[in-house]
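What the coordinates show
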2 protein chains.
Amino acid sequence: MEEQTIRVQRCETKKEKPQDDQLSFGKIFTDHMFVMDYSEPLGWHNASIVPYQPLQIEPSAMVFHYAQSVFEGLKAYRTDNGSIELFRPEKNMERLNRSNDRLCIPPIDEEFALKAIKQLVSIDRDWVPHTEGTSLYIRPFIISTETYIGVSASTRYKFIVILSPVGAYYKEGINPVKIAVEDEYVRTVKGGTGEAKTGGNYAASLKAQELVAQTGYTQVLWLDGVEKKYIEEVGSMNVFFKINGEVITPKLNGSILSGITRSSVIELLQHWDIPVVEKRISIEELYEAYQRGELEEAFGSGTAAVISPIGELKWGDKQLIINDGKTGDISKKVYDTITGIQYGHMEDPFNWMQNIETESPVKH
Amino acid sequence: MEEQTIRVQRCETKKEKPQDDQLSFGKIFTDHMFVMDYSEPLGWHNASIVPYQPLQIEPSAMVFHYAQSVFEGLKAYRTDNGSIELFRPEKNMERLNRSNDRLCIPPIDEEFALKAIKQLVSIDRDWVPHTEGTSLYIRPFIISTETYIGVSASTRYKFIVILSPVGAYYKEGINPVKIAVEDEYVRTVKGGTGEAKTGGNYAASLKAQELVAQTGYTQVLWLDGVEKKYIEEVGSMNVFFKINGEVITPKLNGSILSGITRSSVIELLQHWDIPVVEKRISIEELYEAYQRGELEEAFGSGTAAVISPIGELKWGDKQLIINDGKTGDISKKVYDTITGIQYGHMEDPFNWMQNIETESPVKH
Ligand SMILES: Cc1ncc(COP(=O)(O)O)c(C=O)c1O
Ligand SMILES: Cc1ncc(COP(=O)(O)O)c(C=O)c1O
C-alpha cells in the first residue's frame, strides 16, 4: 500500500483552554481530530485532520446496532525539557489491530496511524497541560458505519482520534483505592471478547460497577466467567499482588486485557530483580495468603492512574485490609519510576518514550 | 409522568419505494423516523416523528466507545383485509426494558413507545409491502449520547425507531438451513449480557459467524460459555429439537435471549397438546438421540424467518442430517400457523396481533 498523505484543515477559531487545576477526565476535547474512512475496494483512505466536530451518521449505521467498534487509550506528556512524548504508543497500535482482528474490522497500518496521532498532537500541542501529573489523553477508535441492519461485519468504517486534556489522577499524591470482588456479574469469558478493547466489554461492566459504587467502592475486581474463582482484572486496570516477597499477576488467558502498563510493570520488576510471575491465582488463594499475613501489597495498573494501590479488598462479607490501607513500597517505586520516565525526570532505559516530532518507526 | 405528545414533522418529498420482489433486508429505510431524547432531570422528552435523516453525534458520545446500547426487532404485516398489524409488540417493549435494566439505561414508558411505533408505521403505511411473506421491519434502539469518555452509565440517550421494508425470507417456500456448532468462540455467559438485546453480543458473534460462513453454513449454534457443552441458541434464533415425539428447547438461563417467536412456539405446541419442554440439553445428548434415530426435527425460531428448519447440523467432524434434510411436520405446522395469524389468513386465538390504528394498552 502506498503511504497516504494526511490532509490538514485547521480550525478558524481556537477554543478556550481550561486551567490545569480545573481539568477532570474526558469531558473537554481539543481543536482538532483525525478522521480516516474505510470502504471497499479503497481500503483506508481520506486521512485528514479537521476541526473537532460532530459526526453525521445514519441511524442505520451498524455501530449503533451491533457495537462493532474498538478503541485505544494512551497519553501525551509534557516533559521537563518541554518536549511532548508518548508512552509506548506502538503497543497501543499493535493492540488496536489485535482488537480489530477479533471484531472483524480491517487492520490499520500501525506506523501510519501512529504518524497521524503524532501530527494531530503536534497541531494541538498547546492543549498538553503543564502541571506534573496532567496529560493529554489520546483516544483512537474505530466504528462501523455501513448503513445496514443485518448482523454481519460492516464494509465501511471510520477511524477517529480525539484528544482530551486530563487532570492529575492523584491530586495529593498516590493514594489507595477500595475494590470489591464481583461474584454475580461477569465481564467476559474465554472465547469471548475480553482480550479485545471493544465497547461491549465496558457496556457489560456498567451494572456491576454501578452496584459497587453505591456501597463506596471504586471499582470491581472481576473473576473468570467460567468458575467465578480465578482473578482476572479490575474495571479498567490489570492487577498485581505481592505475596511473601513475590509479585503475582494473573496470566493472560484470552479474557484479560493485555495492559501496556501491566507489561511495563513486569519489565521493571524483572529489571530490578524483584520476583514477578504471571500465573492463574484464585480469590481463595489470595484470601488464604491474607490470613497467613503474607499478602503484602496489591495494586492496579493502567494508563489512567499508572498505579492504583489497593488499600481494601471486599470479597463477600470478608474485608481484606492490605498493608494497613497504605501505599506499599513496590507500588510507590513502580509509580515513581514510570511517571518519572513519562515526565522526563528519570532516564528511559527501555526507550519507552517517543517524541511527537520524530517519526520513529513502529518498534516491535 | 404526564403523557407526552408526539410532534410530527413530515418530509417534503417522499422517496421512491422499491418493488416487492426487489426487497432484501435492512438496507432501505422509509420516509420518517421516531426520535426521543433522555437527559436529567427531564427524563424522556422531545418525542418526535421527523423525516428520516442522519444523526449529528459528537465523536465523544459514549455509544461509540462503550457500546451502551440496546435494540429490538419486530415487524408490521399487511393482512388479507388490508389492515396493518404488529405481532405481540408489547413483548418487544417489555424486553427492551429488561435490556435497558441490564445496560443501566433508564426505562422507557412501554405504552407510550408502542403508541409512537404505531403512529410512525401509520404515517409510513404505504411502505408496508403487499406480497405474502414481505413486511415492514421495525427497529427501535437506544444509544448513549453523553459526550464523556469515562467508563460509566451515560446521563443522555436517544431512543430512535427506524423502519425498513423487507422481502420474503423464503422466496420459494420454507426451506431448511445448515447450522454449525461453535466450540471455540463464545457469545456470552451467565452473569454477562446474553439475556439482553445489546450490540456487544452481536459484535462478539461476528468472528464465529464469518468463519462458519466460509465453510458453507448459515449460522452457528452457540454452546454455553462455561462448559461449552449445553446448547444455547443460534446466531439470531432460538432453537427447538423434536426428540422421540417430544419438543425440547433450551431453558432460559440468563445467557439466552428470550425470543418472542420462541414463546409463541411453546404456547402453540401446548395449545395443540404436543409435548414441549424447556430444559438444559447438551450437544452430546442431542448427538446420542441422533444416533438412536430419535432426533426427528430441529428448527430455529425468530422474527426474521419465523421458523428455520435445520436440515444439517455440523458438530466438529460429525454431520447430523436431520429428517433427511427436509422440513419437518411440526416446523411446517408452526410456520404455517404463525404466518397465517400474522397475515390474517387464520384466526388469532391468543390475541397476538395489534392493529396499528387502535391504541390498545400494553397487554401483560
Ligand atoms: C479492562 C482494562 N484492563 C486493563 C487496562 C489497562 O491497560 P493499559 O495499561 O494499557 O492502560 C484497561 C485500560 O486501559 C482496561 O480498560
Ligand atoms: C440472539 C437472538 N436469539 C433469538 C432471537 C429470536 O428472538 P425473537 O423471536 O424475539 O425475534 C433473536 C432475534 O431476534 C436473536 O438476536
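Cut-offs used in this document
- Residues numbered from 1 in each chain as written.
- Chains lettered and ligands numbered in written order.
- Predicted model: local features only at pLDDT ≥ 70, side-chain atom pairs only at ≥ 80, totals over all residues.
- Heavy atoms only, no water.
- UniProt positions renumbered as here; feature names shortened; annotations may be inferred.
- Helix = DSSP H or I, 4+ residues; strand = E, 2+ residues; numbered from the N terminus.
- Buried < 20%, exposed > 50% of the residue type's maximum accessible area, 1.4 Å probe, protein only.
- Contact = heavy atoms within 4.5 Å.
- Pairing = 2+ DSSP bridges.
- Least-squares fit on C-alpha atoms with pLDDT ≥ 70 in both.
- Near = heavy atom within 4 Å.
- Polar contact = N/O pair within 3.5 Å; in protein donor to acceptor, adjacent residues only side chain to side chain.
- Areas by Shrake-Rupley, 256 points an atom, 1.4 Å probe, with all protein chains shown as cover.
- Nonpolar A, V, L, I, M, F, W, Y, C, P; charged D, E, K, R; others polar.
- Buried area = accessible area lost by both parts, 1.4 Å probe.
- Salt bridge = Lys/Arg side-chain N within 4 Å of Asp/Glu carboxyl O.
- Phe/Tyr/Trp six-rings, centres within 6.5 Å; stacked < 30°, edge-to-face > 60°.
- Lys NZ or Arg CZ within 6 Å of the ring centre and 35° of its normal.

Next up on the list: the UniProt feature "modified residue: N6-(pyridoxal phosphate)lysine" (unreviewed entry) in chain A. Residue and element names in this part refer to chain A. UniProt records the feature "modified residue: N6-(pyridoxal phosphate)lysine" (unreviewed entry) at K197, using the numbering of this structure. Its place among the elements puts K197 in the loop between strand 10 (177–182) and helix 4 (199–214). Classification of K197 by relative accessible area gives buried; the value is 11%. Setting aside its immediate chain neighbours within four residues, K197 contacts S69, V70, F71, E72, G73, R95, S99, Y202 and L257.

With that settled, the discussion passes to the pairing of strand 17 (residues 306–315) of chain B. Every regular strand shows the same layout, with side chains that alternate between the two sheet faces. All names here are of chain B. The element strand 17 is extensively covered by neighbouring structure, given that 9 of its 10 residues are classed as buried. Note: strand 10 (residues 177–182) against strand 17, 4 bridges, orientation parallel. Note on strand 17: the bridge partner recorded for V177 is I310. Two elements, strand 16 (residues 295–302) and strand 17, share 4 bridges in a ladder whose sense is antiparallel. Bridged to S301 within strand 17 is I307. Between strand 16 and the antiparallel strand that follows it, strand 17, lie 3 residues. Two strands pair when backbone bridges link them, and strand 17 and strand 18 (residues 318–321) are joined in this way by 4 bridges, in the antiparallel orientation.

Attention now moves to the relation of the copies chain B and chain A. The operation relating chain B to chain A is a screw motion whose rotation component is 180°, with 0.0 Å of axial translation and a residual RMSD of 0.0 Å. Here the transformation between the copies is reduced to the relation of a two-fold axis. Of the residues that chain B buries at the interface, 100% are likewise interface residues in chain A, meaning the two copies contact each other through the same surface.

By secondary structure assignment, the location of B:K91 is in helix 2 (residues 89–102). Put simply, B:K91 and B:Q4 are 87 residues apart on the chain and 22 Å apart in space, counted from C-alpha to C-alpha.

A separate point is the site of ligand 1. All names here are of chain A. Taken together, 16 residues sit near ligand 1, with Y202, E233, I260, T261 and T303 positioned nearest. At 2.6 Å, a side-chain N or O of T261 approaches an oxygen atom of ligand 1. A distance of 2.6 Å is found between an oxygen atom of ligand 1 and a side-chain nitrogen or oxygen belonging to T303. Bound to the protein, ligand 1 loses 95% of the 380 Å² it would expose on its own. Elements represented by at least two residues in the shell around ligand 1 include exactly helix 5 (260–271) and strand 16 (295–302). In terms of residue class, the shell around ligand 1 is built from 4 nonpolar, 8 polar and 4 charged.

Across the contact, 60 residues belong to chain B and 60 residues belong to chain A. Here chain B packs against chain A, burying approximately 5,100 Å² in sum over the two surfaces, 65% of which is carbon and sulfur. At the junction of chain B with chain A, the criterion picks out 2 salt bridges. Across the pair B:D101 and A:K207 runs a salt bridge whose closest N-O atoms are separated by 3.2 Å. Counting every contact that joins chain B to chain A gives 18 residue pairs in polar contact (both at pLDDT 80 or more). Mapped by element, the contributors of at least two residues to the side of chain B that touches chain A are strand 4 (55–57), helix 1 (62–66), strand 5 (69–71), helix 2, strand 8 (135–144), strand 9 (157–166) and helix 4 (199–214) of chain B. The element best represented in the side of chain B that touches chain A is helix 4 of chain B, accounting for 9 residues. Grouping the constituent residues of the side of chain B that touches chain A by class yields 32 nonpolar, 17 polar and 11 charged. Taken together, the 3 bridges between strand 4 (residues 55–57) of chain A and strand 4 of chain B define a ladder with antiparallel strand orientation. Its bridge partner lying in strand 4 of chain B, A:I57 is registered against B:L55.

Another point: the packing of aromatic side chains. Enumeration according to the criterion identifies 33 aromatic pairs over all chains in this entry. Centroid distance A:F34 to A:F159: 5.9 Å. Interplanar angle 75°. Geometry classified as edge-to-face. Of the two residues, A:F34 sits in strand 2 (residues 32–39) while A:F159 sits in strand 9 (residues 157–166), which places them 125 residues apart along the sequence. Per residue, the accessibility class of A:F34 equals that of A:F159, and both read buried. By way of ring pairs, the aromatic residues A:F34, A:Y38, A:W44, A:Y157 and A:F159 are connected into one cluster. Directly above the ring of B:Y148 sits A:K27, whose terminal nitrogen or CZ lies 4.6 Å from the centroid. Taking NZ or CZ as reference, A:K318 lies 4.7 Å from the ring centre of A:W315, over its face.

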